[in-house]
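# Residue-level structure breakdown
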Amino acid sequence: MAVNKVVNKSTKSHGAMRNVLEYVLQDQKVREGYVAITGPYNPDMLSWDNVYNAFLAEKQLWDKDTGRMYAHNIISFHKDENITPEQCLEIGKEFVDKFFPDHQSLIGVHQDKDHLHIHIVTNSVSYIDGMKLHQTTRDLERQKAFTNNL
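So, a few notes on the structure that sits alongside this text. Fair warning: this is a prediction, and the values are worked out from it, not measured in the lab. (Residues numbered from 1 in each chain as written. Predicted model: local features only at pLDDT ≥ 70, side-chain atom pairs only at ≥ 80, totals over all residues. Heavy atoms only, no water.)

Moving on: the pattern of salt bridges. Counted under the stated rule, the structure contains three salt bridges. The partner of lysine 29 in a salt bridge is aspartate 112, and the shortest N-O contact between them spans 2.7 Å. Of this pair, lysine 29 sits in the loop between α1 (14-24) and β2 (35-38) while aspartate 112 sits in the loop between β4 (103-110) and β5 (117-126), and the two are 83 residues apart along the sequence. (Salt bridge = Lys/Arg side-chain N within 4 Å of Asp/Glu carboxyl O. Helix = DSSP H or I, 4+ residues; strand = E, 2+ residues; numbered from the N terminus.)

Below, the structure is given as structure tokens:
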């Protein structure tokens, strides 16, 4: 069974956002390059610096460059589960489509442990209407139910 963890460390600074994006895209963690980004993203190369600048540009476009910068989810699978990195990436995309459809999200499949896990970092500002991301207890319960059904 998969487990969804919401990381609630400090998310209110540019440095924290930069650090989490850099962490998710580390070569030794995303060994085979199973990464994706949703929402507006123009650069040819997917790098933490380019993703950071894309997230920041969206915030500045809507004048929402303060407060919570991002949401961070981790979906982990048991080491004995028969799942491929490609399947993990598809699950990450489905999760983002369902719960963060109007937000830029970085999805990275980490292969550095004895179990596969997906990091999802979501921009707190919607690229559709500029609204900030608000997650209720009900939203978190729906995310948990989604993960439990995998």
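Pairing is antiparallel in the open sheet, where five strands are placed in the order β1-β3-β5-β4-β2. For this open sheet the edge positions go to β1 (3-7) and β2, each flanked by a neighbour on one side alone. When the angles between neighbouring strand axes are averaged without regard to direction, this sheet yields 15°. Inspection of the sheet shows β1 paired to strand β3 (residues 70-76) by five bridges, in the antiparallel sense. Bridging from a neighbouring strand, valine 6 pairs with asparagine 73 of β3. (Pairing = 2+ DSSP bridges. Axes fitted to C-alpha atoms, helices over the stretch in contact; angles between N-to-C directions.)

So, on to the packing of aromatic side chains. Each pair of aromatic rings is reported with the distance of its centres and the angle of its planes. Overall, the coordinates contain four aromatic pairs when judged by the stated rule. A ring pair is formed by phenylalanine 99 and phenylalanine 146, whose centres lie 5.7 Å apart and whose planes are at 85°; its orientation type is edge-to-face. Here the residue phenylalanine 99 occupies a position in helix α3 (residues 85-99), and phenylalanine 146 occupies one in helix α4 (residues 137-148), the gap between them amounting to 47 residues. Judged by its relative accessible area of 12%, phenylalanine 99 is buried. An aromatic cluster is built from Phe95, Phe99, Phe100 and Phe146, whose rings are joined through pairwise contacts. (Phe/Tyr/Trp six-rings, centres within 6.5 Å; stacked < 30°, edge-to-face > 60°. Buried < 20%, exposed > 50% of the residue type's maximum accessible area, 1.4 Å probe, protein only.)

Its 14 residues give helix α2 (residues 48-61) an end-to-end C-alpha distance of 20 Å, which sits within 8% of 20 Å, the value for a rise of 1.5 Å per residue. If you check which residues of α2 are buried, you get Val51, Tyr52, Ala54, Phe55, Leu56, Glu58 and Lys59. (Expected span 1.5 Å × (residues − 1).)

Position of aspartate 49 relative to the elements: it lies in helix α2. In sequence terms aspartate 49 and isoleucine 120 are 71 residues apart; their C-alpha atoms lie 16 Å from each other.

A separate point is the pairing of β3. Counted residue by residue, β3 has six buried out of seven residues, so it is predominantly covered. Where β3 and β5 come together, seven bridges link them in antiparallel fashion. Of the residues in β5, the one forming a bridge with asparagine 73 is isoleucine 120.

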